[in-house]
Amino acid sequence: MGPGAAMVSAPGDTAPAEAAQEVLARDPSTTRGVNRGPFLTDVAVAVALVGMVALAGVALGRVYADGLITGLVAGAAAGSVLVGVACRRLPSWLVAPLSVLGLAAWALWSLRLAASRADLPGPLVEVAADAARNGIPRLLTAMIPVEPTPDTVLVPVVAAWLTGLAATEVALRAGRVLLGYLPPALLYAGALYVVGPNADPAVRPTLAFVAVAVLGLAVPGRAGTAADDPATGLPPAVRAAVRARLAGASAAGVAVVLALAALVGPALAGQVGGRPVDPRRYVEPPRVDTLDENPLIRISGWALNPDQKLLDVTTRPTPGADATAAGAEPAAGAGLDDVRIRLAVLSDYDGVTWRVGANYRNAGRILPATAPATGSTVETLRQDITVADLTGRLLPAVATPREVTGARVAYDPATGTLIRPEGLTPGLRYTVTSARERPDANLLATANVPAGDDVARALRVADGVPDPLRRLAAQLAESNGAPYARAAAVEQFLAEHYRLVADAPSGHAYPNLAFFLFGPRNAGGQRGTSEQFAAAFAVLGRLAGLPTRVVVGFQSPGTGPVRAGDAYAWPEVLFDGLGWVPFDPLPRPDTEPRPVEEDFRPPPEEPPPSEAPQPTPEQTLLPEAVAAPGPPAHTGGPSTAALAGGGAGGTLLLVAALLLTLLWLRRSLSRNRLHRGDPGERVAGAWREVTDALRLAGHPVSGDLAATEVAARAREILTDAETARSAPSTADREPGGAPAQAGVRELAGLLNQAAFAPGTVAEEQSARAVTGAQAYVAALRAARPWWRRLLWSVHPGPLFRARRSGRPT
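What you see is a predicted model, and the numbers here were worked out from it, not measured in a lab.

Rules used in this analysis
Residues numbered from 1 in each chain as written. Predicted model: local features only at pLDDT ≥ 70, side-chain atom pairs only at ≥ 80, totals over all residues. Heavy atoms only, no water. Helix = DSSP H or I, 4+ residues; strand = E, 2+ residues; numbered from the N terminus. Contact = heavy atoms within 4.5 Å. Axes fitted to C-alpha atoms, helices over the stretch in contact; angles between N-to-C directions. Parallel < 35°, antiparallel > 145°, perpendicular 65-115°, else oblique. Left-handed = near helix turned anticlockwise from the far one by under 90°. Pairing = 2+ DSSP bridges. Phe/Tyr/Trp six-rings, centres within 6.5 Å; stacked < 30°, edge-to-face > 60°. Lys NZ or Arg CZ within 6 Å of the ring centre and 35° of its normal. Buried < 20%, exposed > 50% of the residue type's maximum accessible area, 1.4 Å probe, protein only. Salt bridge = Lys/Arg side-chain N within 4 Å of Asp/Glu carboxyl O. Expected span 1.5 Å × (residues − 1). Nonpolar A, V, L, I, M, F, W, Y, C, P; charged D, E, K, R; others polar. Patch = residues over 30% accessible without salt bridge, like charges linked within 9 Å, V, L, I, M, F, W, Y side chains within 5 Å. Areas by Shrake-Rupley, 256 points an atom, 1.4 Å probe, with all protein chains shown as cover. pLDDT = per-residue confidence, 0-100.

Considering the environment of Pro-276
Moving on, step 1. By the secondary structure assignment, Pro-276 is in the loop between helix H12 (236-270) and helix H13 (290-293).
Moving on, step 2. The spatial distance from the C-alpha of Pro-276 to the C-alpha of Pro-201 is 9.6 Å, given a sequence separation of 75 residues.
Moving on, step 3. Ignoring anything within four residues of it in the chain, the contact list for Pro-276 reads Gly-196 and Pro-197.

Digging into the packing of helix H16 (residues 467-478) against helix H18 (residues 510-518)
Moving on, step 1. Between H16 and H18, whose axes approach to 9 Å, the crossing angle comes to 60 degrees. With respect to each other, H16 and H18 are oriented oblique. Our pair here, H16 against H18, has a crossing hand that is left-handed. On the side of H16, the interface is formed by Pro-468, Leu-469 and Leu-472, while H18 contributes Leu-513, Ala-514, Leu-517 and Phe-518.

Side note on the sheet that holds strand S3 (residues 339-346)
Moving on, step 1. If you walk across this open sheet you meet the five strands as S8-S3-S15-S17-S18, and the pairing is antiparallel. Looking at which strands have only one partner, the edges of the open sheet turn out to be strand S8 (397-398) and strand S18 (579-582).
Moving on, step 2. Pairing geometry for S3 and strand S15 (residues 548-556), over seven bridges, is antiparallel. Bridge pairing in S15 places Leu-346 opposite Val-550.
Moving on, step 3. Packed onto the sheet, helix H19 (residues 530-543) meets S15 and strand S17 (567-575) and runs at close to 15 degrees relative to S17.

Some remarks on the environment of Arg-275
Moving on, step 1. Inspection of the secondary structure assignment puts Arg-275 in the loop between H12 and H13.
Moving on, step 2. Placed 79 residues apart in sequence, Arg-275 and Gly-196 show a C-alpha to C-alpha distance of 8.2 Å.

Focus: the packing of aromatic side chains
Moving on, step 1. If you walk through the whole model with that rule in mind, you get 13 aromatic pairs.
Moving on, step 2. Through a chain of ring-to-ring contacts, the aromatic side chains of Tyr-484, Phe-537, Phe-575 and Phe-583 assemble into a single cluster.
Moving on, step 3. Over the aromatic face of Trp-570 sits the side chain of Arg-340, whose NZ or CZ is 4.9 Å from the ring centroid.

Some remarks on the sheet that holds strand S10 (residues 409-412)
Moving on, step 1. Here three strands make up an open sheet; going across it, the order is S6-S10-S11 and the pairing antiparallel. Taken across any chain shown, the strands that pair with only one partner, and hence form the sheet edges, are strand S6 (361-363) and strand S11 (417-419). Ignoring strand direction, the axes of neighbouring strands in this sheet form an average angle of 40 degrees.
Moving on, step 2. Bridge analysis of S10 against S11 gives three bridges, and the strand direction is antiparallel. Bridged to Asp-412 within S11 is Thr-417.

Section: unusual backbone geometry
Moving on, step 1. Cis geometry is found at the peptide bond from Ile-144 to Pro-145, where omega equals 0 degrees.
Moving on, step 2. Inspection of the secondary structure puts Pro-145 in the loop between helix H7 (124-141) and helix H8 (150-173).
Moving on, step 3. Residue Ala-399 is joined to Thr-400 through a cis peptide bond whose omega torsion reads 0 degrees.
Moving on, step 4. On the secondary structure map, Thr-400 appears in the loop between S8 and strand S9 (401-405).
Moving on, step 5. One non-glycine residue, Gln-526, lies in positive phi territory at about 60 degrees.
Moving on, step 6. Positionally, Gln-526 belongs in the loop between H18 and strand S14 (527-528).
Moving on, step 7. Residue Gln-526 is classed as buried on the basis of its relative accessible area of 5%.
Moving on, step 8. One non-glycine residue, Asp-590, lies in positive phi territory at about 60 degrees.
Moving on, step 9. You can see Asp-590 is positioned in the loop between S18 and helix H20 (640-675).

Here we look at the pattern of salt bridges
Moving on, step 1. For the coordinates displayed, the defined rule picks out 28 salt bridges.
Moving on, step 2. The salt bridge involving Arg-457 is made with Asp-348; its shortest N-O contact spans 2.7 Å. With Arg-457 in helix H15 (residues 456-459) and Asp-348 in strand S4 (residues 348-349), this residue pair connects regions lying 109 residues apart in the sequence.
Moving on, step 3. Given a relative accessible area of 31%, Arg-457 falls into the partly exposed group.
Moving on, step 4. A salt bridge links Arg-682 to Glu-763; the shortest N-O distance between them is 2.4 Å. With Arg-682 in helix H21 (residues 679-696) and Glu-763 in helix H24 (residues 763-782), this pair connects stretches of sequence that are 81 residues apart.

Remarks on H24
Moving on, step 1. Compared with the 28 Å implied by 1.5 Å per residue over 20 residues, the 29 Å span of H24 between its first and last C-alpha is a close match.
Moving on, step 2. Of the positions making up H24, those classed as buried are Gln-765, Ser-766, Ala-769, Val-770, Gly-772, Ala-773, Tyr-776, Val-777, Ala-779 and Leu-780.

Overview of the packing of helix H17 (residues 483-497) against H19
Moving on, step 1. Viewed as axis vectors pointing N to C, H17 and H19 meet at an angle of 145 degrees, and their least axial separation amounts to 10 Å. Viewed along their axes, H17 and H19 form a crossing whose handedness is right-handed. Residues Ala-487, Val-490, Glu-491 and Leu-494 of H17 pack against Phe-533, Ala-536, Phe-537 and Leu-540 of H19.
Moving on, step 2. Each residue belonging to the contact of H17 with H19 can be placed in one class, and the counts come to seven nonpolar, no polar and one charged.

Here we look at a nonpolar patch on the surface
Moving on, step 1. Judged by side-chain polarity, Trp-786, Trp-787, Leu-790 and Leu-791 come together as a nonpolar surface patch covering roughly 500 Å² of accessible area.
Moving on, step 2. Mapped onto the elements of the fold, Trp-787 is located in helix H25 (residues 786-792).
Moving on, step 3. On the basis of relative accessible area, Trp-787 is assigned to the partly exposed category, the value being 41%.

Structural notes on the confidence of the model for the protein chain
Moving on, step 1. Summarising the model, the protein chain shows a mean pLDDT of 80, and 80% of its residues fall at 70 or more.
Moving on, step 2. A low-confidence stretch, residues 1-17 (pLDDT under 50), is modelled with 10 contacts involving residues beyond four sequence positions or located in other chains.
Moving on, step 3. Counted against residues more than four places away or in other chains, residues 23-37, with its pLDDT under 50, gives 21 contacts.

And the structure:
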């Protein structure tokens, strides 16, 4: 046995074990100092790191509109690695600040380049601040292909630079090459995740990534020497023990890798053919408020203020850019003196309101192009638009926009609607290049309309269509078989029988349209703004089997100011091969509408509840019986007094039972209205309680009034009633109408919210609505005479109206 063995086996001698532990704990890279190998090895690893980080930019660039992002990421990779290599001999704590300075310089230059290429106005500091605040959400909500703008390039550039810095420090300074590959691998995986299912599989970039990593490991370092062996200088027994431990650790590592491959490999292999997860579904796209979701309700307000200046427009054709679809010739006489500027496209209708229903995505200067219809000609127009008094987020443009400069926009490809997420401001100037399509009029007569799931949105008819609307649509469709003939029949019927006015109240729900189409002229029916004309055409068209939608926009002279009086709505019908074709159901100027009864005779309808007379018992005069002379004859039955008493008692019992039944039914009706259903239904029930109270007080409200107008009228009625009742003793009474008036004012606002934004009413708001309605009803009832207060709770009027409207009592 040699001396080394004796030294190992000697009892109580721990020096060899301590030496072995010191060798195992020692990092080989720290024993070699900063100079860890030949220059060729470090250069190869640095080049591999640059290539791996740059390939992450290649993978991400597949969803960008051009190759700018790939170049910027590659520049960040090269810059970060070069800074790390140049600072190798400096202390490690000094490398990060120097690299961050380089990152700031490269990022600012990248933002400036992206802003200049996207024609974004504003100083660089503001652009950089906006990109830093909104970079991540805008990158994940941007439309594919993503336009390289400052807010969509900042995050990839910063991530690439930090990845290169971390990889260089770990791989070159610490000498852990494999561990240094981890940051580029994570960056590449993140790029694939961001791309998701929006591009073809990244087979070539992935193979290139693996090849570059292998080449970085394959370049040999300096030849091994005895100094590189951690067991050098140890006794043979200790050296054998150290090598055994190293071999065991290596074998354990290999076993762990093989086990992970066996466990995780099948799961990963099963995901190869699957669809990647799109991270954009977890990010909320830009949203708009009620006026931008339904700009149709703004038509009546604009019509009452026609001289308000909304826009300044300059329209010009794009030289050499006109194109035609399917080789057709451009339309003869296509000029710039009749330009429709589109504000929004409304495709969804629920029987109450038309909505845009768009899914906006942040877009760059170039918008996604769609193939024009085969039977239409295309004319490219460019408009310089300056915003004056137009408010909201909707951005006007001629259909269909292809390029927008001067403003950051979000776009919905399904409807072609544009918004500016920050909102419109006076003086905002932007330029829109649009492809205006003109269908071939010769093909319309024989064109068909599409069907199926792709156009189900434009064919959907909400429940609750009034029967006269259905019969009118059937009457117009049965005598016109072809789709275009049906659309033309609806257009002609509306243009010939109804009057266009500027002071008609806003509204396009089913009751509003029924009143517009069939209401008596002397009561305000058969007249309306373009809102009612377009909405009625779209609903009748859908009932006739035509895919329709409503568009809100402006009639522009081409160049000049656009005023509120130029705003109007028009319907469009989708035809196969021709696309969306606009129709004009407005009456011609200086024409007298024909009576609707000449072509359509709906059956007489019952008067509205507010006008229906309350049933009163009719008195029947019975002839008096003439008594025969002489004493009364005794028949042996009950006496007259007994019969009279029994009859009176029975009548009183019947009246009491009737009153109790009415009281129970009234309270059940109020309970169902105020305490059942979702918050929106409870708000509607509270509103019906208020309107019933007004009718019981002798002040029925008209059905064509807006909720805010009814609320104002209700406050006036309560004030007048309390004033008349408390005039003799005002000083002795506490004011009770102020809370009730405030409650009914808030209730009107909640009713509009529930109608135009379903599902947004909170529980607390519905509770306040119920409390306000109860307070108003109680205050109005208290202001009535005592005998009317007794009859208030048993009046059957609310029960009849609820049953007539189809609501459960």
